[in-house]
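What follows is each chain in one-letter form.
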Amino acid sequence: MQNEIHQRDLIVGLQKGLALIQLFSKANPRLTVPQAAKMSGLTQSAARRFFLTLVHDGYLATDGRYYWLTAKNLRLGQAYVDSAQFPRMVRPIVEYVASRTEEHASVGVIDDNELVYIARSKHTPFNSTSVRLGERVPIHCTAGGRLWLASLPEAECEAVLQRVTREQRTPYTVTDVPTLMERIAQVRRQGYATIEQEFEIGMLVIAVPLADREGLYWGALSLTSHQSRTSLKALCRDHLDLLYSAQAMLVG
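How each quantity is defined
Residues numbered from 1 in each chain as written. Predicted model: local features only at pLDDT ≥ 70, side-chain atom pairs only at ≥ 80, totals over all residues. Heavy atoms only, no water. Helix = DSSP H or I, 4+ residues; strand = E, 2+ residues; numbered from the N terminus. Axes fitted to C-alpha atoms, helices over the stretch in contact; angles between N-to-C directions. Parallel < 35°, antiparallel > 145°, perpendicular 65-115°, else oblique. Left-handed = near helix turned anticlockwise from the far one by under 90°. Contact = heavy atoms within 4.5 Å. Nonpolar A, V, L, I, M, F, W, Y, C, P; charged D, E, K, R; others polar. Buried < 20%, exposed > 50% of the residue type's maximum accessible area, 1.4 Å probe, protein only. Pairing = 2+ DSSP bridges. 1 Å grid on protein atoms, 1.4 Å probe; cavity = no way out; pocket = protein on both sides within 12 Å on 5 of 7 lines; lining within 4 Å. Points joined across faces, edges and corners; volume = space filled by probe spheres on them. Domains from an automatic or database assignment.

The name an unreviewed UniProt entry assigns to the chain is IclR family transcriptional regulator, from the organism Kluyvera georgiana ATCC 51603.

Below, the structure is given as structure tokens:
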């Protein structure tokens with residue numbers, strides 16, 4: 001748990017600059033100053049100065065009207081992957097699970113109500129764009145996301161579900177809160193999560209939670225396959241015990 005930091009010790013300008021970088025997304029790959037100001041709550045003058053500073057330092061490029069991220073931003077994510085303890089710790093286990101199962105293995109952590117993949121196996125027996133390193137995915141229709149939700153008190157879990165965007169990614173995606181609460185209650189009872197075609201057509205996922213020494217959830221170890229290769233029942237039957245063994249290596 002992080003120590004509480006006093007407001008007087010914060011550099012507000014740094015916070016605002018990082019917040020502006022995070023405005024860019026798949027839905028908003030390019031932004032104008034007025035758009036950024038509206039989305040961030042800054043004045044247009046302040047947003048423009050922040051953007052020009054980021055252009056000067058190489059994190060943004062511009063044509064004079066629109067601004068977009070440059071490849072230099074990848075250094076920030078790569079610095080985490082290279083230096084953080086969790087990715088280094090889980091990488092060998094992820095590769096071990098993938099080699100034993102001949103399926104795709106990954107570890108995701110929760111960040112700002114999204115699941116972010118911090119480690120993935122090199123072995124990928126099927127084509128998918130959704131299990132990429134650093135990919136941010138929704139929590140309502142992913143196995144790791146539901147494991148995190150199951151770790152929360154019921155009232156907090158429901159509040160999170162009400163707050164987040166529950167996108168209908170496939171015809172099988174569950175989006176209504178009552179049904180999601182039932183699915184999450186089942187995850188809580190059985191101790192692992194499964195997803196069948198809710199995030200991507202044909203995709204099957206099973207996942208077990210990863211916790212620290214105090215039993216607090218910090219991530220999920222997932223195994224991903226495809227309907228063309230197996231069934232969800234067979235995936236659980238054949239590989240759930242291995243995931244629990246890998247979980248034991250990573251917990252504590």
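Some thoughts on the environment of A46
Considering the arrangement of structural elements, one finds A46 in helix 3 (residues 44-56). Between the alpha carbons of A46 and V33 there is a distance of 9.2 Å; along the sequence they are 13 residues apart.

Describing the packing of helix 2 (residues 33-40) against helix 3
Between helix 2 and helix 3, whose axes approach to 8 Å, the crossing angle comes to 110°. The orientation of helix 2 with respect to helix 3, classified from their angle, is roughly perpendicular. For the element pair helix 2 and helix 3, the recorded crossing hand is right-handed. Two secondary-structure elements touch here, helix 2 through V33, P34, A36 and A37 and helix 3 through Q44, A47, R48 and F51. When grouped by side-chain class, the residues that make up the contact of helix 2 with helix 3 number six nonpolar, one polar and one charged.

Considering the pairing of strand 3 (residues 104-111)
Most of strand 3 sits inside the fold, with six of its eight residues counted as buried. Taken together, the five bridges between strand 3 and strand 8 (residues 217-226) define a ladder with antiparallel strand orientation. Along strand 8, the bridge assignment pairs H104 with T224. Pairing analysis gives six bridges linking strand 3 to strand 4 (residues 114-120), with the strands arranged antiparallel. Bridge pairing in strand 4 links D111 to E114. Between strand 3 and the antiparallel strand that follows it, strand 4, lie two residues; D112 among them carries a positive phi value of about 55°.

Examining the layout of surface pockets
Within this model, the largest pocket holds a volume of roughly 2,300 Å³. Along its surface, the largest pocket is lined by 47 residues, and E114, V116, G134, E135 and R136 are the ones closest to its centre. For the lining of the largest pocket, the secondary-structure elements that each account for two or more residues are helix 1 (12-21), strand 2 (67-69), helix 4 (74-83), strand 3, strand 4 and strand 5 (136-138). Among the elements that line the lining of the largest pocket, the one with the most residues is helix 4, at six residues. Its residues placed into classes, the lining of the largest pocket shows 24 nonpolar, 13 polar and ten charged. Each of domain 1 (7-70) and domain 2 (84-251) accounts for three or more of the residues forming the lining of the largest pocket.

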